[in-house]
Amino acid sequence: MSSDEHTAPYGGPQQQTATRTPKRIRTHHLQRFKQEGHKFTMLTAYDAMMANVFDEAGIEVLLVGDSAANVMQGSSSTLGITVDELLVYAKSVVKGVTRALVVADLPFGSYQVSPEQAVRTAVRFMKEAGVHAVKMEAHAATVPHVKAVVDAGIPVMAHSGFTPQAEHQLGGFRVQGRGEESQKVIADARALQAAGAFCLLVEMIPAELTVELESALSIPTIGIGAGGAATGQVLVWQDMLGLNDGRLPRFVKQYADLRSTITEAAQSFRRDVLEGTFPAEEHTF
């Protein structure tokens, strides 16, 4: 048993079979989760404080997503965020964790030009931010890019199905992989696995296609809007915790209503200041 692991039950009180629980999640642990029939979780994170909360909660993987363009910068698309901007978020997240695997998105335009460009960008995220892996929206044409990054010693999580960076090419936010398209998704997934991807994130595909992918691939899949068959599941944390007041995708489940909680707290603070009850004597030197 390595120093990264200790013996403990997975899944808390409902799953009591003793097995090796990683002290630090590595890519090979996700592979083992699939082989042993265990699920795992991934949430987005963009700052050290929330990353630390999720890390302590036991979330196995944190994704520094280009979704920061939407939820942190207020953009309607992920396309505008730059490498330099996402590096700041990634560096912050890495500083907030001690156990979770941190994966960073490669932004639009930072890897599509050539395999060499993909390697250069991925190296920056590893060296400057300290992430443990990168994520690339990928398909048949970008298999060489994935392989080049993997060959450079950088773990790659591939992203298939609906890929937000290609929203205009795909005709907007539409479910992918229906009908005859399913065979292309499977073929691309196999090619990405052969290129060395350690995991495949699948977004907005039919649940039955995810079942086929889990069977066809030896690497784990992570689903978002892809049914329950995937080894892992991911959500954007602002959606999951009810901070977003916009229309939510069908696949989002809200586990809290932080927007109401924060609004009420801010209103209480304002009221106390206007009424002169804050700061009180106990808040004063």
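Residues numbered from 1 in each chain as written. Predicted model: local features only at pLDDT ≥ 70, side-chain atom pairs only at ≥ 80, totals over all residues. Heavy atoms only, no water.

Selection rule: UniProt positions are given in the numbering used here, feature names are shortened, and annotations may be inferred rather than shown by experiment.
An unreviewed UniProt entry annotates the chain as 3-methyl-2-oxobutanoate hydroxymethyltransferase originating from Nesterenkonia natronophila. The record in UniProt for the chain states the following under Sequence similarities (unreviewed entry): "Belongs to the PanB family." Under the Pathway (unreviewed entry) heading, UniProt states for the chain: "Cofactor biosynthesis; (R)-pantothenate biosynthesis; (R)-pantoate from 3-methyl-2-oxobutanoate: step 1/2."

**Some words on the overall build of the chain**
Worth spelling out the cut-off: Counting from the N terminus, the helices are DSSP H or I runs at least four residues long and the strands are E runs at least two residues long. Exposure is judged per residue with a 1.4 Å probe applied to protein chains only, and the accessible area is read against the type maximum: over 50% gives exposed, under 20% gives buried, and values in between give partly exposed. Contacts are assigned to residue pairs with any non-hydrogen atoms lying within 4.5 Å of each other. Reported accessibility uses the Shrake-Rupley method at a 1.4 Å probe radius. Residues are deemed covered only where the shown protein chains occlude them. Counting rule applied: Lys, Arg positive; Asp, Glu negative; His and chain ends not counted. Here the site of a charge means NZ on Lys, CZ on Arg, CG on Asp, or CD on Glu.
Broken down by element type, the chain carries 10 helices and 10 strands. For the C-alpha atoms alone, the extent of the chain along its principal axes is close to 65 × 50 × 40 Å. A total of 285 residues make up the chain; the buried ones form 48% of that total. For the chain, the proportion of contacts with a sequence separation of at least 24, taken over those separated by at least 6, is 52%. Summing over all exposed atoms, the chain offers an accessible surface of approximately 14200 Å²; the carbon and sulfur share of this is 54%. Each charge class in the chain was averaged separately, 25 positive and 31 negative side chains, and the resulting centres sit 5 Å apart.

**Points about the UniProt feature "active site" (unreviewed entry) in the chain**
The residues that UniProt annotates with the feature "active site" (unreviewed entry) are Glu-203. Here Glu-203 shows up in strand β8 (residues 199-203). A relative accessible area of 10% means that Glu-203 is categorised as buried. For Glu-203, the contacting residues outside a window of four places in its chain are His-159, Ser-160, Gly-161, Phe-162, Pro-164 and Ile-224.

**Section: the side chain of Asp-66**
As a reminder, the rule being used: One side-chain nitrogen of Lys or Arg within 4 Å of one carboxyl oxygen of Asp or Glu is enough to make a salt bridge.
For Asp-66, the location among the structural elements is in the loop between β4 (61-64) and α3 (68-71). This buried residue, Asp-66, is left without a salt bridge; Lys-135 holds the nearest opposite charge, at 5.4 Å.

**What to know about the packing of aromatic side chains**
Short version of the rule: Note on aromatic contacts: the rings of Phe and Tyr and the six-membered ring of Trp form a pair at centre separations within 6.5 Å, being stacked when their planes are under 30 degrees apart, edge-to-face when over 60 apart, and tilted otherwise.
Overall, the coordinates contain four aromatic pairs when judged by the stated rule. Judged by centre distance (6.4 Å) and plane angle (80°), the ring pair of Tyr-46 and Tyr-89 falls under edge-to-face. Placement of Tyr-46 in the loop between β3 (40-44) and α2 (48-57) and of Tyr-89 in helix α4 (residues 83-95) is noted, with a sequence separation of 43 residues between them. The exposure class assigned to Tyr-46 is buried, which follows from its relative accessible area of 1%. Note on Phe-269 and Phe-278: the rings are 6.0 Å apart at their centroids and 70° apart in plane angle, and the pair reads as edge-to-face. When its relative accessible area of 52% is taken as the criterion, Phe-269 is described as exposed. For Phe-278, a relative accessible area of 34% gives the class partly exposed.

**Some thoughts on the sheet that holds strand β9 (residues 221-224)**
To be explicit about the condition: Should DSSP find at least two bridges between two strands, the strands are taken to pair. In this analysis an axis means a line fitted to C-alpha atoms, helices contributing only their contacting stretch, and an angle means the value between N-to-C directions, from 0 to 180 degrees.
Read around the closed barrel, the eight strands follow the order β3-β4-β5-β6-β7-β8-β9-β10; overall the barrel is parallel. On average, each strand axis in the sheet is inclined to that of its neighbour by 25°, with strand direction left out of account. The pairing of β4 with strand β5 (residues 101-105) spans four bridges and is classified as parallel. Its bridge partner lying in β5, Leu-62 is registered against Val-102. Along the sheet, α4 contacts β4 and β5; its crossing angle with β4, the most-contacted strand, is approximately 160°. Contacting β5 and β6 (133-137), helix α5 (residues 115-129) runs over the sheet at an angle of about 145° to β6.

**What to know about unusual backbone geometry**
A cis geometry characterises the amide bond from Phe-278 onward to Pro-279, with omega recorded as 0°. Of note in this structure, Met-204 is not a glycine but carries a positive phi near 50°. Turning to its location among the elements, Met-204 is positioned in the loop between β8 and α8 (207-216).

**With respect to the nonpolar core**
If you look at soluble globular proteins, the nonpolar side chains tend to sit buried side by side. Rules: We call a set of buried Ala, Val, Leu, Ile, Met, Phe, Trp, Tyr and Cys residues a nonpolar core when their side-chain atoms join them within 4.5 Å.
Counting residues in hydrophobic clusters, the biggest one holds 59 residues, and the most contacted among them are Phe-54, Leu-62, Phe-125 and Leu-213. Broken down by element, this core gets its largest block of residues, seven residues, from α4. What Phe-125 contacts, discounting residues up to four positions off in sequence, is Val-83, Leu-86, Leu-87, Ala-90, Ala-104, Asp-105, Leu-106, Pro-107, Gly-130, Val-131 and Val-134. The next biggest cluster of nonpolar side chains, apart from the first, holds 17 residues, and it includes Leu-30, Phe-40, Met-42 and Leu-63.

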